Amino acid sequence: MAKLTKLPAGTPLTFSPSQLISHVSLGLTLIGLFICSNNSAGADPGELDFNRDIRPILAENCFYCHGQDGNKRQGDLRLDLRDAAVAAGAIVPGDAAASTLVQRIHADDPEQLMPPSNSNRRLSPEQKALLAKWITDGAKYRTHWAFTAPVRPAEPEVKLSGWVRMPIDRFVLAKLEAEGLAPSTEADRATLIKRLSVDLIGLPPRPEEVESFVKDNSEGAYEALVDRLLNSPHYGERMALSWLDAARYADSNGFQQDGDTWQWIWRDWVVKALNNDLPFDQFTIWQLAGDLLPDASNDQKIASGFNRNHLLNGEGGAIPEEQRFVNLFDRMDTTSTNWLGLTMACVQCHDHKYDPITQRDYYSLLDAFNRVPESGTPQYFSSRIRVAAPFIELPTDENKARFAELEMQIAAAGVDAKLAADSAFEGWKTGLFADGKPAEGNGLPEPVAAILRKPDGERTDEEKKSLEPSLRKYFDEKVRSTLVSKIPALAKLDGLNRQLADDRADQLPRVMVMSDAAPRETKILDRGEYLSPTEKVLFATPAFLPPLHDEAPRNRLGFAQWLFIPEHPLTARVQVNRMWQHFFGTGIVKTSEDFGVQSEFPIHGELLDWLADEFRQRGWSMKSMHKLIVMSATYRQSSKLTPELKGRDIENRLYARASRMRMPSLILRDWALASSGLLDPRIGGRPVYPYQPDAVWEALAITKERDFTYPASQGADLYRRSIYTFWRRTVNPSNMFDTSNRQTCRVRSIPTSSPLHALTTLNDPTWVEAARMLAENCLHHAPDRSQQLSYAFERVLCRTPTASDLARLHRAYDRQFAIYQNEVDHAKTLLKVGAAPRDESLNVSEHAALTAVCLGILNFDEALTRE
């Protein structure tokens, strides 16, 4: 096979067509197989798709230096635009050999090779062959797939039509049949009720609910179960978890002071909105611009707190205006990630290197958020509470009663205090004239002292009239406070007033919201530096996306409404992709945070577009879409991984089976509490402080500004759902792993495997106490050991144990009982874990042994996994 001749450095590249064509053929033998493996069902295996086959190569290897960012562009060459690439000779459509791009990627000389040898990027022979074939075929460019509005595709024809329950299944099955694969059988009914419970409410079904569903073979049983779970008040709690991550919700500001906030009021609004199935367009508009709606309600204003969930830096060295821009940049990042599926952080400094987003686009959109009357730093209310205006005060019934009680006490104490103050004033005034001569007035304001120094007969009528009020004013402002400790009536009134002020500062909820009360000029910042403003811009949406309608307001409300115009390409796609991610572990587009040029090309692009259109057709109902997905045959499949699927599709991107994944740690905790009967199912309210390691916040106590002792909850508050756990930004709950740090927006979780996870679920007081109470319930449930073990198994795993399961459980119990019968003190120590009272009438060794078995069940792979 011919090889390109190595040229001296700096020599222009010239190749004969035969040389280049021969060289390119090194990769062509593999290209057919490469295209087939990446092609959509039913497409011509030899037909290249620019978005699927070519753009990813250029984006990963070329656009950084030859894209739209003029500041970084090399050789004045753009490869992201066809006309520019053709004009520069980099691409000669129909003639790969004459194209400089092909010559440079095959160069042997390191000085000529592209990508450069020091870039740590290398093209494979298959990629080089793809580029050559694409140019030979005419080098057709296409708009990035995510930047064109979704069009509802026709439902594909399939062979195994009896498996199809709804259109989703047709798209999945067509792909499977094209790949020579078949769908998995439907999961058993016990698995289905557990799966639905995990996904829709995050709590285990009771054994009798499992038994009823397993025995009910009627046609409508599955749908009835789905509807019951969708209508559960716990649905909103479950679905809110990912939205809290996306909104970077926390109960404190972060940084050194890490002041507490009242943003849990916004969290409760999210749960309520999801339970009420507030359409997603309204769910969005309220959160982005609820305060700008006509006659905005408190709920709509609270919803706008979405963009006040960011960190707030109140440290002494923080520069307010700098921090204000930090907050603005955060709002841009969070909003663009959540609704556009685009990464915009880099555009605050320069044009995007891959996506067609310019700095002008960025700052024009930022103008909508640059109108908030904020300083950039939080306001001190108490040693605990630090929030920043604008906010709305929302006194609770408890607040109102407490304030009214204090105000009544103040009114009553004020009568005695006034008499005491009047008497003290007269005494003090008398002291000014103790010797019968005009007073010197030392310490008094000079105008008052001057009057005092005059003999009474020399004072004008106006001076005589003003003297008494002036003296009383001085007494009340300067003297009275020095007498408080000496006069009980004044001390009592002063104490009550201080108590009311302290309670208002520390206990009156003030949820931070948005407002456009302080419009500012917005300018492009040179390299994102807030001290280097350049050109002024006005509000506009990104130029590469459909324009804002003429009648739309030029503010956050207009932006929020623009997200739902029919021609918008991103909003619906981004949201249904995240819905799919919730139910299958991975989105149809794996990079759910990035739908830009560097995103993953969707294998199931037609399904994504169908779902996006369906979401709009269903009036943006989230519950309706969730039901649509879980009713599908695709969702109901078994999650068993066969050897064939392990070799062909281990990540389950073709959906020939259901996805199997570990439950989120917040759900694992809730599952343990509910299985044991400890869970307090109350919806909403102030954050709680469940079990955490001793001195978990001690590292924050570097000054005496506030007490960072962990205020552990008592009673039922210890057993609230995890969504209500107080979330300190600087120290996340230690028993909740793989969670967002809630400092920045996160829309895709990445599970990890660490010994710390197992150590948590085996040793954390939450799980040990749950095992103890589950064991106690088992001992009360039945006298028979097999029934006790079965009950524990069913409560956690949601299925009846097999004979083999029961045999293992008996062996485990017998071993543990033998240990604790000989080590009674150890048994007693185990049974003291947790605050829940123990039934002291139970045999200590039996209870401890069964506790150990229940703890083991809670740690079964099947217990930790959504099958």
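Because the structure is predicted, anything quoted here is derived from the model rather than measured. (Residues numbered from 1 in each chain as written. Predicted model: local features only at pLDDT ≥ 70, side-chain atom pairs only at ≥ 80, totals over all residues. Heavy atoms only, no water.)

## Some details on the overall build of the chain
A tally of helices and strands in the chain yields 34 helices and 8 strands. Projecting the C-alpha coordinates of the chain onto the three principal axes gives extents of approximately 125 × 80 × 50 Å. Going through the 867 residues of the chain one by one, you find that 54% of them count as buried. Taken as a whole, the chain presents about 37600 Å² of accessible surface, with 53% of it coming from carbon and sulfur. The average position of the 102 basic charges and that of the 115 acidic charges among the side chains of the chain differ by 1 Å. (Helix = DSSP H or I, 4+ residues; strand = E, 2+ residues; numbered from the N terminus. Buried < 20%, exposed > 50% of the residue type's maximum accessible area, 1.4 Å probe, protein only. Areas by Shrake-Rupley, 256 points an atom, 1.4 Å probe, with all protein chains shown as cover. Lys, Arg positive; Asp, Glu negative; His and termini not counted. Charge placed at Lys NZ, Arg CZ, Asp CG, Glu CD.)

## Side note on the nonpolar core
Judged by nonpolar contacts, the single largest core of 209 residues is most densely connected at L58, W134, I168, W266, W269, F283 and L611. A total of 9 residues in this core trace back to one element, the largest contributor, which is helix 29 (residues 765-781). With residues up to four places along the chain from it excluded, the contact list for I168 reads W580, L607, W610, L611, L628, I629, S632 and T634. Listed in part, the 28 residues of the second largest apolar core include L471, I487, L490 and L508. (Core = buried A, V, L, I, M, F, W, Y, C linked by side-chain atoms within 4.5 Å. Contact = heavy atoms within 4.5 Å.)

## Focus: the packing of aromatic side chains
For any two aromatic rings, the description comes down to two numbers: the centre-to-centre distance and the angle of the planes. Tallying each qualifying case throughout the model produces 43 aromatic pairs. Judged by centre distance (5.1 Å) and plane angle (70°), the ring pair of F306 and W339 falls under edge-to-face. Taken together, the residues span a long stretch of sequence, with F306 in the loop between helix 14 (298-303) and helix 15 (320-340) and W339 in helix 15 at a distance of 33 residues. On the accessibility criterion, F306 (0% relative accessible area) is buried. Among the residues examined, W339 registers a relative accessible area of 0% and is labelled buried. Through pairs of rings, three or more aromatic residues link up here, namely W243, Y249, W266, W269, F280, F283, W286, F306, W339, F564, F615 and W620. Sitting above the plane of the F325 ring, R324 keeps its charged end 5.0 Å from the centroid. (Phe/Tyr/Trp six-rings, centres within 6.5 Å; stacked < 30°, edge-to-face > 60°. Lys NZ or Arg CZ within 6 Å of the ring centre and 35° of its normal.)

## Focus: the environment of Q287
Mapped onto the elements, Q287 comes out in helix 13 (residues 280-289). Between the C-alpha atoms of Q287 and K301, which are 14 residues apart in sequence, the distance is 8.2 Å. Polar side-chain contacts of Q287 include one of 2.9 Å to the side chain of W243. (Polar contact = N/O pair within 3.5 Å; in protein donor to acceptor, adjacent residues only side chain to side chain.)

## A look at the side chain of K194
As for its placement among the helices and strands, K194 is situated in helix 8 (residues 189-200). No salt bridge is formed by the buried K194; the nearest opposite charge belongs to E862, separated by 5.4 Å. (Salt bridge = Lys/Arg side-chain N within 4 Å of Asp/Glu carboxyl O.)

## Some words on helix 2 (residues 50-61)
Among the 12 residues in helix 2, 10 count as buried, and that is most of the element. A side-chain oxygen of the first residue of helix 2 lies 2.9 Å from the backbone nitrogen of N51; this N-cap is D49.

## Considering the packing of helix 12 (residues 264-275) against helix 13
Their axes nearest at 11 Å, the elements helix 12 and helix 13 cross at an angle of 165°. Considering their axes alone, helix 12 and helix 13 lie roughly antiparallel with respect to each other. Crossing hand, helix 12 versus helix 13: right-handed. Mapping the contact onto sequence places W266, W269, V270, A273 and L274 in helix 12 and F283, W286 and Q287 in helix 13. A breakdown of the residues in the contact of helix 12 with helix 13 according to their chemical character gives 7 nonpolar, 1 polar and no charged. (Axes fitted to C-alpha atoms, helices over the stretch in contact; angles between N-to-C directions. Parallel < 35°, antiparallel > 145°, perpendicular 65-115°, else oblique. Left-handed = near helix turned anticlockwise from the far one by under 90°. Nonpolar A, V, L, I, M, F, W, Y, C, P; charged D, E, K, R; others polar.)

## What about the environment of A699?
Along the chain, A699 falls in the loop between helix 27 (665-676) and helix 28 (755-763). Overall, A699 belongs to the exposed group, its relative accessible area being 67%.

## So, unusual backbone geometry
Cis geometry marks the peptide bond from M114 to P115; its omega dihedral reads -5°. The amide bond that connects A389 to the next residue, P390, takes the cis arrangement and shows omega of 5°. Along the chain, the position of P390 falls in the loop between strand 2 (386-387) and strand 3 (391-393). With phi around 60°, R742 is a residue other than glycine that occupies positive phi space. Within the fold, R742 resides in the loop between helix 27 and helix 28. You will see that C798, though not glycine, has its phi angle at about 65°, which is positive.

## Some remarks on the pattern of salt bridges
Should their charged atoms come close, side chains of opposite charge can pair. For the coordinates displayed, the defined rule picks out 68 salt bridges. Note that R556 and D291 form a salt bridge whose closest N and O atoms lie 2.8 Å from each other. Placement of R556 in helix 21 (residues 556-562) and of D291 in the loop between helix 13 and helix 14 is noted, with a sequence separation of 265 residues between them. Using a relative accessible area of 0% as the deciding quantity, one classes R556 as buried. One salt-bridge network, held together by shared partners, links D258, D260, R384, D506, R706 and R728.

## Focus on helix 7 (residues 167-178)
For helix 7, with 12 residues, the first-to-last C-alpha span of 17 Å sits near the 16 Å given by 1.5 Å per residue. Within helix 7, 9 of the 12 residues are buried, which leaves it mostly tucked inside the rest of the structure. Every buried residue of helix 7 is listed here: P167, I168, D169, F171, V172, L173, A174, K175 and L176. Just downstream of helix 7, G180 is the residue with a positive phi angle, here 75°. (Expected span 1.5 Å × (residues − 1).)

## Thoughts on the environment of H144
As for its position among the elements, H144 is in the loop between helix 6 (125-136) and helix 7. Spatially, the C-alpha atom of H144 lies 23 Å from that of S124, the residues being 20 residues apart in sequence. When neighbours within four sequence positions are excluded, H144 is seen to be in contact with N51, R55, F595, G596, V597 and S599. For H144, the side chain forms a polar contact with the main-chain oxygen of F595, separated by 2.8 Å.

## Description of the state of the cysteines
Overall, the coordinates contain 0 disulfides when judged by the stated rule. No disulfide involves C745; its sulfur sits 15 Å from that of C346, the nearest cysteine. The structure places no disulfide on C798, whose sulfur is separated from the nearest cysteine sulfur, that of C778, by 14 Å. Residue classification places C798 among the buried residues on the basis of a relative accessible area of 1%. (Disulfide = S-S within 2.5 Å.)

## Description of the packing of helix 15 against helix 16 (residues 359-366)
Angle between the axes and distance between the axes: these two values describe a pair of packed helices. Here helix 15 crosses helix 16 at 105°, and the two axes come no closer than 10 Å. By the angle between their axes, helix 15 is roughly perpendicular relative to helix 16. Here L328, F329, M332 and D333 of helix 15 lie close against helix 16, whose contacting residues are Y362, Y363, L365 and L366. For the contact of helix 15 with helix 16, the per-class residue count stands at 7 nonpolar, no polar and 1 charged.

Without other data, these values stay purely geometric and don't point to any function.
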